[in-house]
Structure formats: structure tokens, C-alpha cells
Amino acid sequence: MGQRGKVYLVGAGPGDPGLLTWKGRDVLARAQVVVHDRLVSQAILDLIPPEARRIDVGKNAGHHPVPQGEINQILVREALAGHRVVRLKGGDSFLFGRGGEELEQLARLDIPFEVVPGITSALAAPAYAGIPVTHRDYCSSLHIITGHKKADGQLELDYGALVRLQGTLVFLMSVGSLGQIAQGLLAAGMSPDMPCALVENGTLPQQRSFSATLDTVAQVARDQEVRSPAVFLVGRVASLARQFHWFDRLPLKGKRLLVTRLREESSALALRLQELGAQVDRLPAIRLEGLDFQLPPLDSFDVVALTSATGVRYFLEGLLARGLDARALGGKRLAAVGNQTAAALSRFGLRADFVPTEYNGAAMARQMVEQGFLCPQDRVLVARAQSASPGLTDGLRQLGVAFCEIATYRTALTEERLADPSLYDAVLFTSASTVEGFARACPGADLSQVKALCIGPQTAQRAQALSMQTQVAPQATIQSMIETLMGGNEPC
Ligand code: SAH
């Protein structure tokens, strides 16, 4: 008999990827098959290992593309085939998540399973709207109730009991039955002034939250066109949202941004922007490709000049691939264009002997000579990107310094396509090549509708040449770009 698999029932939390538990993330990272729902956010789906098979059994309100019985069958089938199966559900799997039903079948067949609890939307959506679900001055209990109607349209709730509890009431799956619930509570004697809240897309960048009272809440939901998924909360604690609503006050809340930098660099930036409340999409407009470069005899050089952290990586990896290592640079002086490049060298155990005060190739050439780092008879090896800007090599030529240039990698433009580039409050560009890649990703689009935020003047020139609405960060740093987005304020 082959090896038996195991099923992990994982609660993915309400949407904000930061609210997935560590255990959930670890289990997901080792999944072979992932069976997921509609309410699992894209950012969490992005954590699924590329080699894992995904099965989307997403349900829409009132219509179930994959019936529950079939989901149970899928779990059994995959586990019996020996796979590590993650059943990924929104919020917590046991809270109106039918997790229990899925386990029954596994238990019956003696298939091993584990349960990883998730943060439920019933608690997290109010928390992000600034509502503590209990507070000693207001209530002493919390009740989580489904507002889902039966197939015949019936909603059987004991409104009298709910009113007598005097606790906070949180209704899930209640967008379609909100008016009915409010009526029921009023008829059972709850005050029409009882504070209420609606939180749509809780914890996601597109979260919207509304305060109301029991007699106005149905109207507010209609006026604001509140849609599922939303939490409907009834109770005196709802009045605290006015004081505590922190998420909607984040500096980039409501802004939709596109990050275009390299895939390996974009997640840290995206995370930072998300923490500030923005909705962030990623389109890596460029990617790097190592080149099979000809390595000249290293003995003939006195100085090796490197012009980017990526260049350092491809150059040193190129040495390793040729049976050499950092010792091949033993007697040479090393020049790095900036501190990032110097830091990349130090990761290979090498110290930069020279870093110019101004981080560009032309300044580097000039300062190397001015400061006596380079003598006229020195020979320089320049290792850099194909079609990199010619500042350094032009500078060396003008100064009469002999050099040899090798291209260790190149920047390729994306093959991806972007449907609507005008959707964004800003598209962030961190190099001229990201501008090129972006333009290529949206053929035929009216680029004059694109609001480009550029890291520096060269990037901005390219964006302007393509008629984008262009803004430049005052300093050529990511931090300065973020401050520009926030209207010049320091990020908090
Ligand atoms: N197991 C889930 C609930 C599943 S029932 C949990 O623990 O969160 C689906 C209902 O959950 C939706 O109708 C909605 O009421 C609520 N819900 C799920 N995600 C939500 C979100 N991000 N914001 C507001 N409500 C949400």
C-alpha cells in the first residue's frame, strides 16, 4: 500500500494576508494539493507553492459550483493518493465554514488530519472597523449568528432570546437578510437607537465600514450598496467605531497602486504600502537574465568596477561557474557605484575599496581619478548590465583610462499583459526599464491616463516621453517615493 496522505484544515483568516497564522503559512508552504474557497484572498493564494496543485471549489452566495459532497470526495481522493492536502477556507474553518462536515468523512475512513484555526471575520472585521466586540461598560457577551436564509427563504431566529441576551450580536452571511433581521429585533423590543455597524470586505484594502442604528441600518445598506462579504454587528459597542476606527485612517487607505519592479524586489515594497493601507497590485515589468559572458584573464586588471548589486551577483556567480571564487579578485582594488553595490560585495566576503559620494557612473569615473584611486596606467574591468547607461565607460574613456567591459546580465521586459492601466492612483517606477516593460504590458492603452510616480529624473524622462502624467520623488529612494504618495508626510 502506498503512503497515506494527510489533510490540513486551515483557516486563512478574513483577507489581510498578515492575519494568516504562522502555522497556516508553514503548512501551506509544504502543500502538494490546495483545495480553496472563494473567500480566500489573492495575497494568500499567492503563497501556495507553484508546484502545488490548486483546486478551486469557490462558492457563490446561493449557488454552489462544487457541492459539499463532492468537496468531501476530493479531500478523500487526494489524501488516499498519498498527498499532503491543505483545505483552505476563509476565516476559521469551524465557524460557519462546514469544516466539521469535511472532517466526518475523513474520520470515518481513518484518514489523518489536523486543524489549524484561523482568525474569523466575525472578530477581525469589527476590529478593523474599530469595534471591540466586548467592552466591560457595554456588554458581557458576544453571539455570532448566521443570517443565511434556508432554501425556502426562511430565516428562523429567536429574536426575543437575542434581545434578552443584551450582548453584542454579529451576523454573518446576512447582507440579503439584513432588513428582516433588523425588523425582527425591533419587533422583539430592541431599541431603534441601538448602534449598528456594517463592515464590507473587512481587513482588505477595499474595506468599507458604516455606522447606523437599528432603524436606519437597512436603509444605509441599500444607499451604500453594501455587498457580501460583510459583517453586520448590533450592539452598544458599535458606537466606539467613531473613536477607534483606525484602519480607514491609514495614510494610503483607498489608494490603488501598481508596483512594477522585479518580482524578487516587489514583495517588500508591496507589503510596506499595504501596511499603510493601500491596495497593491504587482506587475513585474522586467526580469533579469544572466548572460554567458567571456571572462578576460583577470591578471591583466588592477581595478574591478561594479555598477549594481545585481551586477555583483551575476559577476561573482559567473566566477563560481568557471571554477573560480573571490580569491581570483585577491590583488585587485574594487570599486562600487553605491552602498547597495558595496553591500552586495560584502555578501561575497569582499570589501569595496572605493564608493563615490554621488551614486552614478560618470561621477564614479571622475572621482576615482580625482581622489587618486585610479592611476593613468591602471587597467579597469567593468562588469555590468547589457545596455547599461554609458556614464562610467564614457567617463573612463574621456579620462584616458584603459578598460574592458563585460555584460554579465540583461534586463528583459515582461511578457505579461495588464488589462486597465488607468485603474491606479499611481504606478510606481523604479527604473527606466520598468517604464518600458509597463508600456509593453499594455499595448494600445492610452498612457496619458497613467499616473506615474518615478524614483528619479531618468525614469521620469522615459515616462514623460510616453506621455504619462509624471511625478518624481525628491530623493531617489523608495522611502522618498512613499512620502510623495502620502503627500510629503513621514510614513507612520
Ligand atoms: N468561516 C468564515 C465565515 C464563513 S461564512 C469566518 O470565520 O470568517 C461567510 C460570511 O463570513 C460572509 O457572508 C460574511 O458575513 C463573513 N465574511 C467573511 N469574510 C469577510 C470579510 N473579509 N469581511 C466581512 N465579512 C466577511
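One structure accompanies this document, and this report is about it. In this text the structure is predicted, and so the values were computed from the model without any measurement. (Residues numbered from 1 in each chain as written. Predicted model: local features only at pLDDT ≥ 70, side-chain atom pairs only at ≥ 80, totals over all residues. Heavy atoms only, no water.)

Considering the overall build of the chain
Part 1 of the reasoning: What the chain contains, in helices and strands, is 17 helices and 20 strands.
Part 2 of the reasoning: By the compact-globule yardstick of 23 Å for 492 residues, the chain is too spread out, its C-alpha radius of gyration being 29 Å.
Part 3 of the reasoning: Its C-alpha atoms give the chain principal-axis dimensions of about 95 × 60 × 45 Å.
Part 4 of the reasoning: The buried share of the chain, reckoned over its 492 residues, is 48%.
Part 5 of the reasoning: Here the analysis covers contacts within the chain between residues at least 6 apart in sequence; of these, 66% occur between residues at least 24 apart. (Helix = DSSP H or I, 4+ residues; strand = E, 2+ residues; numbered from the N terminus. Rg over C-alpha atoms; globule rule 2.2 N^0.38 Å. Buried < 20%, exposed > 50% of the residue type's maximum accessible area, 1.4 Å probe, protein only. Contact = heavy atoms within 4.5 Å.)

Observations concerning the site of the ligand
Part 1 of the reasoning: Within the structure, the ligand sits among 18 residues, and Leu-95, Thr-120, Ser-121, Gly-202 and Ala-230 are positioned closest to it.
Part 2 of the reasoning: At a separation of 3.1 Å, a nitrogen atom of the ligand approaches a polar backbone atom of Gly-90.
Part 3 of the reasoning: One of the backbone nitrogen or oxygen atoms of Leu-95 is found 2.8 Å away from a nitrogen atom of the ligand.
Part 4 of the reasoning: In isolation the ligand offers 540 Å² of accessible surface; the protein chains occlude 93% of this area. (Near = heavy atom within 4 Å. Polar contact = N/O pair within 3.5 Å; in protein donor to acceptor, adjacent residues only side chain to side chain. Areas by Shrake-Rupley, 256 points an atom, 1.4 Å probe, with all protein chains shown as cover.)

A look at the environment of Arg-410
Part 1 of the reasoning: Looking at where Arg-410 falls in the secondary structure, it is placed in strand 17 (residues 402–413).
Part 2 of the reasoning: Taking the C-alpha atoms as reference points, Arg-410 and Leu-240, separated by 170 residues in sequence, lie 55 Å from one another.
Part 3 of the reasoning: The contact partners of Arg-410, leaving out residues within four places of it in the chain, are Arg-287, Leu-288, Glu-289, Leu-291 and Gln-386.

What about the sheet that holds strand 5 (residues 113–116)?
Note: strands within a sheet are paired through backbone hydrogen bonds, in either parallel or antiparallel orientation.
Part 1 of the reasoning: A sheet is described by the order of its strands in space; here five strands give the open sequence 3-2-4-1-5, paired in parallel fashion. The sheet is open, and its two edges are formed by strand 3 (53–56) and strand 5, each paired on a single side. With direction set aside, neighbouring strand axes in the sheet form an average angle of 15°.
Part 2 of the reasoning: Those strands touched by helix 1 (residues 22–29) are strand 1 (6–11), strand 2 (33–36), strand 4 (84–89) and strand 5, and its axis lies near 140° from that of strand 5.
Part 3 of the reasoning: The strands touched by helix 3 (residues 68–80) within the sheet are strand 1, strand 2, strand 3 and strand 4, with strand 4 carrying the most contacts at an inclination of about 155°. (Pairing = 2+ DSSP bridges. Axes fitted to C-alpha atoms, helices over the stretch in contact; angles between N-to-C directions.)

Things to note about helix 11 (residues 309–321)
Helical geometry note: an α-helix holds 3.6 residues per turn, so side chains three or four residues apart project in the same direction.
Part 1 of the reasoning: For helix 11, with 13 residues, the first-to-last C-alpha span of 18 Å sits near the 18 Å given by 1.5 Å per residue.
Part 2 of the reasoning: Listed in full, the buried residues belonging to helix 11 are Thr-310, Gly-311, Val-312, Tyr-314, Phe-315, Leu-316, Gly-318 and Leu-319.
Part 3 of the reasoning: For helix 11, the elements touching its buried residues are strand 13 (286–290), strand 14 (303–306), helix 12 (339–347), strand 16 (379–385) and strand 17.
Part 4 of the reasoning: One or two residues past the end of helix 11 sits Gly-323, with phi positive at roughly 80°. (Expected span 1.5 Å × (residues − 1).)

Quick word on the packing of aromatic side chains
By convention here, two paired aromatic rings are described through the distance between centres and the angle between planes.
Part 1 of the reasoning: If you walk through the whole model with that rule in mind, you get eight aromatic pairs.
Part 2 of the reasoning: Ring centres 5.3 Å apart and planes at 70° place the aromatic pair Phe-429 and Phe-438 in the edge-to-face group. Each member of the pair, Phe-429 as well as Phe-438, carries the same accessibility label: buried.
Part 3 of the reasoning: Among the aromatic residues, those joined into a cluster by ring pairs are Tyr-128, Trp-246 and Phe-247.
Part 4 of the reasoning: The ring of Phe-293 carries Arg-322 above its face, with NZ or CZ at 4.2 Å from the centroid.
Part 5 of the reasoning: Note that Arg-333 overlies the ring of Phe-373, its terminal NZ or CZ placed 5.6 Å from the centroid. (Phe/Tyr/Trp six-rings, centres within 6.5 Å; stacked < 30°, edge-to-face > 60°. Lys NZ or Arg CZ within 6 Å of the ring centre and 35° of its normal.)

Observations concerning the packing of helix 10 (residues 263–275) against helix 17 (residues 478–485)
Part 1 of the reasoning: As a packed pair, helix 10 and helix 17 sit with axes 12 Å apart at the nearest point and diverge in direction by 30°. Put simply, helix 10 runs roughly parallel to helix 17. Like other packed secondary-structure pairs, helix 10 and helix 17 cross with a definite hand, here right-handed. Judged by residue contacts, Leu-269, Arg-272 and Leu-273 of helix 10 engage Ile-478, Ile-482 and Leu-485 from helix 17.
Part 2 of the reasoning: In the contact of helix 10 with helix 17, the residues fall into five nonpolar, no polar and one charged. (Parallel < 35°, antiparallel > 145°, perpendicular 65-115°, else oblique. Left-handed = near helix turned anticlockwise from the far one by under 90°. Nonpolar A, V, L, I, M, F, W, Y, C, P; charged D, E, K, R; others polar.)

A look at the nonpolar core
Grouped burial of nonpolar side chains is what soluble globular proteins tend to show.
Part 1 of the reasoning: The biggest cluster of nonpolar side chains holds 25 residues, and the ones touching the most others in it are Phe-171, Leu-185, Leu-198, Phe-232 and Val-234.
Part 2 of the reasoning: Elements with a contribution of two residues or more to this core: helix 6 (159–165), strand 7 (168–172), helix 7 (178–187), strand 8 (195–200), strand 9 (208–213), helix 8 (217–223) and strand 10 (230–234).
Part 3 of the reasoning: Here this core takes four residues from helix 7, the largest share from any one element.
Part 4 of the reasoning: Every residue in contact with Leu-198, bar those within four places of it in the chain, is listed here: Leu-178, Arg-208, Ser-209, Phe-210, Val-217, Val-220, Ala-221, Val-226, Val-231 and Phe-232.
Part 5 of the reasoning: Counting residues in hydrophobic clusters, the runner-up holds 20 residues, among them Leu-316, Leu-329, Ala-383 and Ile-406. (Core = buried A, V, L, I, M, F, W, Y, C linked by side-chain atoms within 4.5 Å.)

Details of the side chain of Thr-393
Part 1 of the reasoning: Structurally, Thr-393 is set in helix 14 (residues 391–398).
Part 2 of the reasoning: Engagement of the side chain of Thr-393 in a polar contact is seen with the backbone oxygen of Pro-390, the distance being 3.2 Å.
Part 3 of the reasoning: The residues touching Thr-393, leaving out its near neighbours within four places in the chain, are Arg-384, Phe-403 and Glu-405.

A word on the sheet that holds strand 16
Part 1 of the reasoning: Read from one edge to the other, the open sheet built from five strands follows the order 13-17-16-14-15, with strand pairing classed as mixed. Taken across any chain shown, the strands that pair with only one partner, and hence form the sheet edges, are strand 13 and strand 15 (333–336). For this sheet the average axis-to-axis angle between neighbouring strands, irrespective of direction, equals 25°.
Part 2 of the reasoning: Note that strand 14 and strand 16 share four bridges and pair parallel. Bridging across to strand 16, Ala-305 finds its partner in Val-382.

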